[in-house]
Amino acid sequence: MRKKRGRKLISVLMAACTILGSSMMIQAEPVPGAGQSAELQNVALGKPVTGVQVNPYTSAAYVTDGRTSCVNEMDYCEIGTGMEQDPDDPYYIQVDLGQIYSIERVNLWRYYAGEPRTYHDTIVFVSEDTQFTEEDIVYNSDEGNFFGLGAGEDEEYVETASGLEIRFEARDAQYIRVLNNGHTLYDQRGGHYVEIQAWAMAEKTPEAMGHADQPLDIPSFEAPGKVDGVTHPDII
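Residues numbered from 1 in each chain as written. Predicted model: local features only at pLDDT ≥ 70, side-chain atom pairs only at ≥ 80, totals over all residues. Heavy atoms only, no water.

Engineer: How should I be thinking about the confidence of the model for the chain in this particular structure?
Structural biologist: Low-pLDDT portions of the prediction should not be read for the details of their coordinates. Residues with a pLDDT of 70 or more make up 67% of the chain, whose mean pLDDT is 75. In the model, residues 204–236 has pLDDT below 50 throughout and makes 79 contacts with residues more than four positions away in sequence or in other chains. (pLDDT = per-residue confidence, 0-100. Contact = heavy atoms within 4.5 Å.)

Engineer: Any chance you could explain the environment of Arg177 here in plain terms?
Structural biologist: Here Arg177 is to be found in strand 7 (residues 164–179). Judged by its relative accessible area of 14%, Arg177 falls in the buried class. Reaching out from Arg177, the side chain makes a polar contact with the side chain of Gln94 at a distance of 2.6 Å. (Helix = DSSP H or I, 4+ residues; strand = E, 2+ residues; numbered from the N terminus. Buried < 20%, exposed > 50% of the residue type's maximum accessible area, 1.4 Å probe, protein only. Polar contact = N/O pair within 3.5 Å; in protein donor to acceptor, adjacent residues only side chain to side chain.)

Engineer: What is the right way to look at the environment of Val54 in this model?
Structural biologist: Tracing the backbone shows Val54 in the loop between strand 2 (49–51) and strand 3 (77–79). A C-alpha to C-alpha distance of 8.8 Å links Val54 and Ile93, two positions 39 residues apart in sequence.

Engineer: I keep staring at the pattern of salt bridges and nothing clicks. Help me out?
Structural biologist: Inspection of the entire model under this criterion finds three salt bridges. The residue Asp75 makes a salt bridge to Arg67 at a minimum N-O spacing of 2.7 Å. With relative accessibility at 2%, the residue Asp75 sits in the buried group. In this structure, Arg167 and Glu165 form a salt bridge, with 2.7 Å as the shortest nitrogen-oxygen distance. The class of Arg167 is exposed, set by a relative accessible area of 53%. What makes Glu165 partly exposed here is its relative accessible area of 28%. (Salt bridge = Lys/Arg side-chain N within 4 Å of Asp/Glu carboxyl O.)

Printed below as a string of structure tokens:
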């Protein structure tokens, strides 16, 4: 009898440990963002986005909606479809954070589903105002100096679900602008932006100077086609 009671007591204790361990795992909080520290927050989430030559079958609002997947046309914004790009008047996507924050990191996702693709001549600006200059550049893969902002030294990369994380010394900024000049799959000069994140300390700095750009006119395009068996708004 004593041996049976001893075994039963051990079983009860083991079950209690299992339940306690499970409850501790359930209470664990997720890490805020991909590789971000607990002190930082994504201050771009839900903020207004403008762009040049936005395909009307997509929306600039998708760029800060918190979704990093790109299953269909509801997941990304396409700009500059099938049109030649003037480097003096480039296509871009731009996020207005609403006020100045001390930005430390920017995460960028572009279309990565289907065949692997690499976007060309990418430049990322982080600025206090909309007078973007070379000093505001935090990433530049424009090796051939297409945009005339200096030859970039950052490497191009194949788009994946992990996106691109750009780290830099904290700087005050209200606006994020991204340029690129097409990609490896089609003769197309624009880009497909899935998500832009801006990571900053939770404490905000004083109000920003300057004004956000006004929404731009949206041109009309042909109906969407299909690529890799999935409906896309890309015009190829």
